[in-house]
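Geometric and topological summary
If you want the building blocks of each chain, they are given just below.
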Amino acid sequence: MSSTDEDLLVLLLLNNNNNNNDSQKRKRKYWVHPYLKKNADTLGTFSVAKELSLYPEKFQTFYRMTQKSFEILSELVRPMLHKKDTHFRKAITVEERLLITLRYLAMGGNVKAHSMYFLRGESTTRNIIAETTIAIWECLKEKYMPPPTKEKWENVSQRYLDLWNIPICLGAIDGKHFKIKCPPKTGSAFFNYKQYFSIVLMACVDADGLFLTIDVGDYGRNSDGRVFRRSSLGKAIENDLLDAPDPKPLPGWDSKGPFPHFFVADEAFPLKKNLMRPFPKRSLNKTRRIFNYRCSRVRRSVECSFGMLVSKFRVFEQPLACKIKSCEYVIKAACVLHNFIRMREGTFSTPSHPQSIDSMGVQNNQELPLIQVARPTRVAENNRELLCSYFISNEGQVPWQENFS
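The following refers to the structure shown. Computed from a predicted structure; not experimentally measured.

Right, let's get into the sheet that holds strand β4 (residues 262-264). In space, the five strands of this open sheet follow the order β3-β2-β1-β4-β5, with mixed pairing throughout. Looking at which strands have only one partner, the edges of the open sheet turn out to be β3 (211-219) and β5 (275-276). Summarising the sheet, strand β1 (residues 169-179) and β4 pair through three bridges and their orientation is parallel. Each residue of the ladder has a partner; that of Gly171, found in β4, is Phe263.

Set out below in structure tokens:
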């Protein structure tokens, strides 16, 4: 066979394959399914939401915020979500897009179920959720999760002293795994030590459970320490790029000199001059147990934040079945909505100093995965020892800490 005949044969085979592929594609029967069009015309879009507006308590339970907050949120995201009507059809309103997304975040579940509830196509509902979560994050982050300034850090520090009895603390840091469906062609990159696929949220929160900074999207198989080192906050702490307040003496310990403002984390994180972690179990004594207890009290704020986030947005109770980028924006949108709702509707604690406190939140016996952590510097170890001594001094102790030593 000549080369010309071979070329013709190859072209013929390619043409046949293209024809077969075209024939295998499912042809679209309807632009809008008759069932959806009929019921949308009869019942009107999101009619239940309009009826719920007559019952504020039901509306808040259903969409996780009050009607007033919903109206404010609608105006904030309107620039990114508003669509123009055309001669072919009317655009889906900003309010409906927001209601679909809030209902998905509040309840999770199958997107098809939400599409049938709101009488929209499945692909339309999926696209609305993806676009709206991006809009929520982009429109709210500057106001409800801005980069902390020196003044903000000082306010956070004072609030930690008032609520959690710990001085010059800038925040509690921890990571949380969110379940996802295994992304294609990723192997075991997202498979974590808890035996499921996940992506990691690395967060720093203040004393009232508000997110200060977040990093989303790291592989589930990575440890919290590694995720922290790769996060923007971790890099800022490592390179002294935070706009943190200047070091100052611990309250009542002016003679000891200035002490750097610090964050608190668990055993999975490295010990640094401005990042405190508990003492390991093998070296515990009474003084160090008290130090670990005081640190565990501070970490309650970040654990409570994660608890409130998952309790409010039930979508995280099951694996997220979407692309990684979409998963990241779902988590980001939920975090910034958490701040939005807490700032507008939340009840904040008032300082109290009881004589006895139960052991909720003490996690010294919690089993953690074995990880490799770089040896801390001498400055970091000295800072921890000094803080440990401060917690048992007359100036730094609390009355009930002996119960946990």
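Moving on from the coordinates now.
Counting across every chain of the model gives 15 salt bridges. With its nearest N and O atoms 2.9 Å apart, the salt bridge here joins Arg120 to Glu96. With Arg120 in the loop between α7 (111-118) and α8 (122-144) and Glu96 in helix α6 (residues 94-107), this pair connects stretches of sequence that are 24 residues apart. Each member of the pair, Arg120 together with Glu96, is buried.

What follows deals with the side chain of Ser301. Structurally, the position occupied by Ser301 is in helix α12 (residues 286-312). Within the structure, Ser301 has its side chain in polar contact with the backbone oxygen of Val298 (distance 2.8 Å). Excluding its chain neighbours within four sequence positions, the residues that come into contact with Ser301 are Tyr160, Trp164, Ala172, Val205, Asp206, Ala207 and Gly209.

Turning to the packing of aromatic side chains, a few remarks are in order. The full count for this structure, using the stated rule, is 17 aromatic pairs. Ring centres of Phe62 and Tyr63 lie 5.0 Å apart, and the angle between their planes is 85°; this geometry places the pair in the edge-to-face category. A relative accessible area of 1% means that Tyr63 is categorised as buried. Ring plane angle 80° and centroid distance 4.9 Å describe the contact between Tyr117 and Phe118, whose orientation is recorded as edge-to-face.

Relative to the 33 Å expected for 23 residues at 1.5 Å per residue, α8 spans 31 Å between its end C-alpha atoms, a close match to the ideal helical length. Every buried residue of α8 is accounted for by Thr125, Ile128, Ile129, Thr132, Thr133, Ala135, Ile136, Trp137, Leu140 and Tyr144. Contacts from the buried residues of α8 go to α5 (67-81), α6, α7, β3 and α13 (324-345).

To continue, consider the environment of Asp206. Residue position: Asp206 is located in the loop between β2 (198-205) and β3. Asp206 sits in the buried class, given a relative accessible area of 5%. Along the chain, Asp206 and Gly171 lie 35 residues apart, while their C-alpha atoms are 5.1 Å from each other. In this structure the side chain of Asp206 is engaged in a polar contact, spanning 2.8 Å, whose partner is the backbone nitrogen of Leu210.

Before going further, it helps to examine unusual backbone geometry. One non-glycine residue, Arg64, lies in positive phi territory at about 70°. Summarising the element assignment, Arg64 is placed in the loop between α4 (56-63) and α5. Overall, the relative accessible area of 15% leaves Arg64 in the buried class. Unlike most non-glycine residues, Asp240 shows phi in positive territory, near 55°. Structurally, the position occupied by Asp240 is in the loop between α11 (232-238) and β4.

This paragraph deals with the nonpolar core. Counting 99 residues, the largest nonpolar core has Tyr160, Ile173, Leu201, Phe316 and Leu337 as the members making the most contacts within it. With 11 residues, α13 is the single largest residue contributor to this core. Contact partners of Leu201, with chain neighbours within four places excluded, come to Asp174, Gly175, Lys176, Phe178, Ile214, Asp215, Val216, Phe306, Leu309, Ile331 and Cys335.

Across the nine residues of β3, seven count as buried, placing the element largely inside the fold. Sheet analysis places β2 next to β3, joined by seven bridges and oriented antiparallel. When the bridges of β3 are listed, Cys204 appears paired with Thr213. The hairpin turn running from β2 into β3, its antiparallel successor, is five residues long, and Gly209 in that turn takes a positive phi close to 85°.

Mapping Ser305 onto the fold places it in helix α12. In this structure the side chain of Ser305 is engaged in a polar contact, spanning 2.9 Å, whose partner is the backbone oxygen of Ser301.

The rules behind these values
- Residues numbered from 1 in each chain as written.
- Predicted model: local features only at pLDDT ≥ 70, side-chain atom pairs only at ≥ 80, totals over all residues.
- Heavy atoms only, no water.
- Pairing = 2+ DSSP bridges.
- Helix = DSSP H or I, 4+ residues; strand = E, 2+ residues; numbered from the N terminus.
- Salt bridge = Lys/Arg side-chain N within 4 Å of Asp/Glu carboxyl O.
- Buried < 20%, exposed > 50% of the residue type's maximum accessible area, 1.4 Å probe, protein only.
- Polar contact = N/O pair within 3.5 Å; in protein donor to acceptor, adjacent residues only side chain to side chain.
- Contact = heavy atoms within 4.5 Å.
- Phe/Tyr/Trp six-rings, centres within 6.5 Å; stacked < 30°, edge-to-face > 60°.
- Expected span 1.5 Å × (residues − 1).
- Core = buried A, V, L, I, M, F, W, Y, C linked by side-chain atoms within 4.5 Å.

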